[in-house]
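As a plain string of letters, each chain reads:
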Amino acid sequence: MKLTKLLLASCAAITAMMFSVAACAINLQGHLTQGGMVWGKTIAGTQIILGGKPVKVGAGGAFVFGFGRDAGRDVLLVTIDRDGTRHEQTLHVAQRTFDVERVEGLPPKTVTPPPEWRERRAVERSRVGKARSFTTDKAPWQTGFLKPAEGRFSGFYGSQRILNGKPRSPHYGLDIAAAVGQPVTAPAGGTVRLAASNFLLEGGIVIIDHGFGVTSTLFHMNSVDVTEGQEIEKGALIGTIGAKGRASGPHVDWRVNWGNIRLDPMLLIENSTG
């Protein structure tokens, strides 16, 4: 996994950041910024609490957590040793400035869904929520992420979208534009939790469970070539580029979540040129 910023790489660094422990109890890597994912390893049996919420620690001590687009500057990280000793540290989350992105020419019903779509959208949102709810012990996220399609980056995480002149919620994905039918591959290995070809706004959609609550969602695909429950490897074909759903042109929208926290895929890919 390529890093643009190494946060904590040694026991010495941890001590300098005010962990009052004699031994190396926790090691963090990743991106301590809005949209960033942080991961590492600690002594098995250690409890980790971030911002008052428990973080899953695997049997071998691995863990992962992340920060949303609007995460505050400071968050409290608590670790509790197996003997009950408690350590506290304030993590400082770098703040970012996001662009305003205008998208014109979308069909009006995809910008403001008609009332008759409400029931179907409720079902689709429920399926997405269920697919992102798993916190398995498998951890294919540890081997890093690949760009899931070849093409031009056409939309970025965190940008405020104005659709057909109407301000909308921020964009939480990384858009990769390419010709219809070009392959879309799994950015990391895992279990396919959702595979559907005709969601109203997403078109062809796939959600991959990478373990520990980390998921990838990819949509607007023209075809979906995997099935729910299927185990796939990083780089495996999952579908093809399309323009289905709410899309102004052919592309794949790739999103990464830690639970319900939306992360920036650009920070995770091993080769981020495009």
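In this text, all values refer to a predicted model and were calculated from it rather than measured experimentally. (Residues numbered from 1 in each chain as written. Predicted model: local features only at pLDDT ≥ 70, side-chain atom pairs only at ≥ 80, totals over all residues. Heavy atoms only, no water.)

## Some points on the sheet that holds strand β3 (residues 47–50)
If you walk across this open sheet you meet the four strands as β4-β3-β6-β7, and the pairing is antiparallel. Each end of this open sheet is capped by a strand with a single partner; those strands are β4 (53–55) and β7 (86–92). In this sheet, neighbouring strand axes are inclined to one another by 30 degrees on average, regardless of whether the strands run parallel or antiparallel. Judged from the four bridges that link them, β3 and strand β6 (residues 74–80) form a sheet pairing that is antiparallel. In the sheet register, Q47 faces β6, and the bridge partner there is I80. (Pairing = 2+ DSSP bridges. Helix = DSSP H or I, 4+ residues; strand = E, 2+ residues; numbered from the N terminus. Axes fitted to C-alpha atoms, helices over the stretch in contact; angles between N-to-C directions.)

## Some details on the pattern of salt bridges
Considering all chains together, one arrives at eleven salt bridges under this definition. Put simply, E228 and R127 hold a salt bridge, and the shortest N to O gap is 2.8 Å. Of this pair, E228 sits in the loop between β17 (223–224) and β18 (231–232) while R127 sits in helix α3 (residues 118–131); the two residues are 101 residues apart in sequence, bridging distant segments of the chain. Residue class for E228 comes out partly exposed when judged on its relative accessible area of 42%. Here D253 makes a salt bridge to R255, at a shortest N to O gap of 3.1 Å. For the pair D253 and R255, one class covers both residues: buried. (Salt bridge = Lys/Arg side-chain N within 4 Å of Asp/Glu carboxyl O. Buried < 20%, exposed > 50% of the residue type's maximum accessible area, 1.4 Å probe, protein only.)

## Thoughts on the pairing of strand β2 (residues 37–42)
Summarising burial for β2: five of the six residues are buried, a large majority. Bridge count for strand β1 (residues 26–30) against β2 is five bridges, and the pairing is antiparallel. By the bridge assignment, N27 is partnered in β2 with K41. Pairing of β2 with strand β5 (residues 62–66) involves five bridges; the strand directions are antiparallel. Each residue of the ladder has a partner; that of G40, found in β5, is F63.

## Here's the deal with unusual backbone geometry
Unusually for a residue other than glycine, F212 sits at a positive phi of about 60 degrees. Note that F212 resides in the loop between β15 (203–211) and β16 (214–221). Judged by relative accessible area, which is 4%, F212 ranks as buried. Unusually for a residue other than glycine, H220 sits at a positive phi of about 75 degrees. Among the secondary structure elements, H220 is positioned in strand β16.

## Structural notes on the side chain of S216
On the secondary structure map, S216 appears in strand β16. Exposure remark for S216: the relative accessible area of 0% places this residue in the buried category. Here H210 takes part through its side chain, which lies 2.8 Å from a polar atom of the side chain of S216. (Polar contact = N/O pair within 3.5 Å; in protein donor to acceptor, adjacent residues only side chain to side chain.)

## Points about the sheet that holds strand β10 (residues 160–163)
One open sheet accounts for three strands, arranged β8-β10-β11; its pairing is mixed. Edge positions in the open sheet fall to β8 (100–103) and β11 (166–170), since each of these has one partner strand only. If you compare each strand with its neighbour and ignore which way they point, the axes differ by 30 degrees on average. Pairing between β10 and β11: three bridges, direction antiparallel. By the bridge assignment for β11, L163 is matched with K166.

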